[in-house]
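Each chain is listed here by its residues.
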Amino acid sequence: MLIYRGELFLEIDHIKLLQCEPEYVKRRYQAVMAYLSPSGLKQKAAAGTIGLKERQFRRLVKRFNEEGIPGLRHRSKRPKTSPNQTPSWLEERVCKLRESTGFGQNHLAQLINISLEREGKPLRICGKTAYNILVRRGVIEAERRKAREWRRFEWGHPNRLIQADLTLFNGIPLLTVEDDHSRKGWAIRLANQKDKTVVRGMKKLLKFRYDNLLTDNGSQFSRRNRVMREYCEKYINEKHIWTSIHHPQTLGKLSAFQKGLKRFLHHKLGNSRNIHLIDHYIKVYTHWYNNGRRHQAIDSYPETKYSGQRDEEWYDKLIKDLKLEDILTL
């Protein structure tokens, strides 16, 4: 035991070691030294100098005797075991499914739960659990975003308003269409962006009359475009509505559908321009989107709200189309 600058130290090396420690560790060390010194404080008094009870101070002294200065540091309160943690094999399944589909947390949980139910296993996971697994495994980066509240507008019944727009995937034009009321989506690959090609695509997707059409002001949908005007006269009951210029939020529902579709195509195809694979995966995504993806805004499935005839075999079809038999159970 030695004294340096009016403070007690057990060994000379401790003087240098304590310089790198937090202030609370230094106070604990001096309290322990005051107790261990031959003419030092009693246990209760020494514990009182750092605000601890006698029982806590006894443990601190014991840790110091066994570990030295590191024994004076705060210890993590995290449990050594986590019996409720998701099993590793289930975490692997979630990660593989994410890698194969690119779907979000709620849709991953939905598919996993259906698979587990068919296997006869009692385990179930929620969307938050799937998200935590992806964060823990480093599949996605944990990032909190402040939710922005948007006021939603919705037309009264199916086919009351149809939204239509063009987008590009790896330079290949895609025509996307969505029913405003039910959020049911359609999509098709086009050979080019000419007005006649666009109209032919709309006729393939929508083989029926509907009330109103909402588009942007692109040349294919222009008021001056004769081809589009003739299409509207034949297929639209009321009118063709154009969005305000420089106001893309008007087509926000369709933009969300486009974003999900293109994210899925990029996940499966990367930079590929293989038109046959593009056609295949467009059909896979739209079938899942309309029948298997529960839409939060409408609290239902698009096909259920649109026609009431949702395909109950969508799960089996998705597994076969994406070849997920080694991950999920048919």
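Structure: see above.
In short, a report on the structure. What you see is a predicted model, and the numbers here were worked out from it, not measured in a lab.

1. Remarks on the overall build of the chain
The secondary structure content of the chain amounts to 13 helices and seven strands. The C-alpha radius of gyration of the chain comes to 32 Å, more than 25% above the 20 Å expected for a compact globule of 330 residues. With respect to the principal axes defined by its C-alpha atoms, the chain has extents near 105 × 50 × 40 Å. Within the chain, the fraction of its 330 residues that count as buried is 43%. Considering only contacts within the chain whose residues lie at least 6 apart along the sequence, 59% involve residues at least 24 apart.

2. What to know about the pattern of salt bridges
Taken as a whole and assessed by the stated rule, the structure comprises 17 salt bridges. Lysine 121 is the salt-bridge partner of glutamate 119, the closest N and O atoms lying 3.2 Å from each other. Taking relative accessible area as the criterion, glutamate 119 reaches 26% and is therefore assigned partly exposed. When its relative accessible area of 31% is taken as the criterion, lysine 121 is described as partly exposed. Here glutamate 238 and arginine 160 are joined by a salt bridge, their closest N and O atoms 2.9 Å apart.

3. Section: the pairing of strand S5 (residues 185–189)
Buried residues dominate S5, accounting for four of its five residues. Judged from the five bridges that link them, strand S4 (residues 172–179) and S5 form a sheet pairing that is antiparallel. Directly across from glutamate 178, in S5, lies its bridge partner glycine 185. Hairpin connection, S4 to S5: the antiparallel pair is bridged by five residues, and arginine 183 has positive phi, about 70°.

4. Quick word on a nonpolar patch on the surface
A contiguous nonpolar surface patch, about 240 Å² in accessible area, is contributed by Met1, Leu10 and Leu36. Checked against the element boundaries, methionine 1 lands in the segment before strand S1 (2–4).

5. So, the packing of helix H2 (residues 23–36) against helix H4 (residues 54–67)
Contact pair H2 / H4: the axes reach a minimum separation of 11 Å and the direction vectors enclose 90°. As judged from the angle between their axes, H2 and H4 are roughly perpendicular. On H4, the residues that touch Arg28, Tyr29, Ala31, Val32, Met33, Tyr35 and Leu36 of H2 are Phe57, Leu60, Val61, Arg63, Phe64 and Asn65.

6. Quick look at the side chain of aspartate 316
Topologically, aspartate 316 is positioned in helix H13 (residues 314–322). Dropping the residues within four chain positions of it, aspartate 316 is found in contact with Arg118 and Leu330.

7. Section: the environment of tyrosine 29
You can see tyrosine 29 is positioned in helix H2. By relative accessible area, tyrosine 29 is classed as buried at 0%. Once the C-alpha coordinates of tyrosine 29 and aspartate 165 are considered, the two residues, 136 residues apart in sequence, prove to be 71 Å apart. Those residues in contact with tyrosine 29 that sit more than four places away from it in its chain are Leu8, Phe9, Leu10, Glu11, His14, Leu18, Phe64, Ile69 and Leu72. At a separation of 2.8 Å, a polar atom in the side chain of tyrosine 29 contacts the main-chain amide nitrogen of leucine 10.

8. A look at helix H6 (residues 105–119)
With 15 residues, H6 ought to run about 21 Å at 1.5 Å a step, and its terminal C-alpha atoms sit 21 Å apart, in line with that. The set of residues buried in H6 consists of His107, Leu108, Ala109, Gln110, Leu111, Ile112, Asn113, Ile114, Ser115 and Leu116. The inward-facing, buried residues of H6 contact helix H5 (88–101), helix H7 (127–136), helix H11 (275–291) and H13. Glycine 120 sits one or two positions beyond H6 and adopts a positive phi of about 80°.

9. Thoughts on the packing of H6 against H7
Remark: H6 packs on H7, axes separated minimally by 7 Å, with the N-to-C direction vectors making an angle of 105°. It follows from the interaxial angle that H6 and H7 lie roughly perpendicular. Side by side, H6 and H7 meet where Gln105, Asn106, Leu108 and Ala109 of the first sit next to Gly127, Lys128, Ala130, Tyr131 and Leu134 of the second.

Cut-offs applied
- Residues numbered from 1 in each chain as written.
- Predicted model: local features only at pLDDT ≥ 70, side-chain atom pairs only at ≥ 80, totals over all residues.
- Heavy atoms only, no water.
- Helix = DSSP H or I, 4+ residues; strand = E, 2+ residues; numbered from the N terminus.
- Rg over C-alpha atoms; globule rule 2.2 N^0.38 Å.
- Buried < 20%, exposed > 50% of the residue type's maximum accessible area, 1.4 Å probe, protein only.
- Contact = heavy atoms within 4.5 Å.
- Salt bridge = Lys/Arg side-chain N within 4 Å of Asp/Glu carboxyl O.
- Pairing = 2+ DSSP bridges.
- Patch = residues over 30% accessible without salt bridge, like charges linked within 9 Å, V, L, I, M, F, W, Y side chains within 5 Å.
- Areas by Shrake-Rupley, 256 points an atom, 1.4 Å probe, with all protein chains shown as cover.
- Axes fitted to C-alpha atoms, helices over the stretch in contact; angles between N-to-C directions.
- Parallel < 35°, antiparallel > 145°, perpendicular 65-115°, else oblique.
- Polar contact = N/O pair within 3.5 Å; in protein donor to acceptor, adjacent residues only side chain to side chain.
- Expected span 1.5 Å × (residues − 1).

Just distances and angles here, no functional claims.
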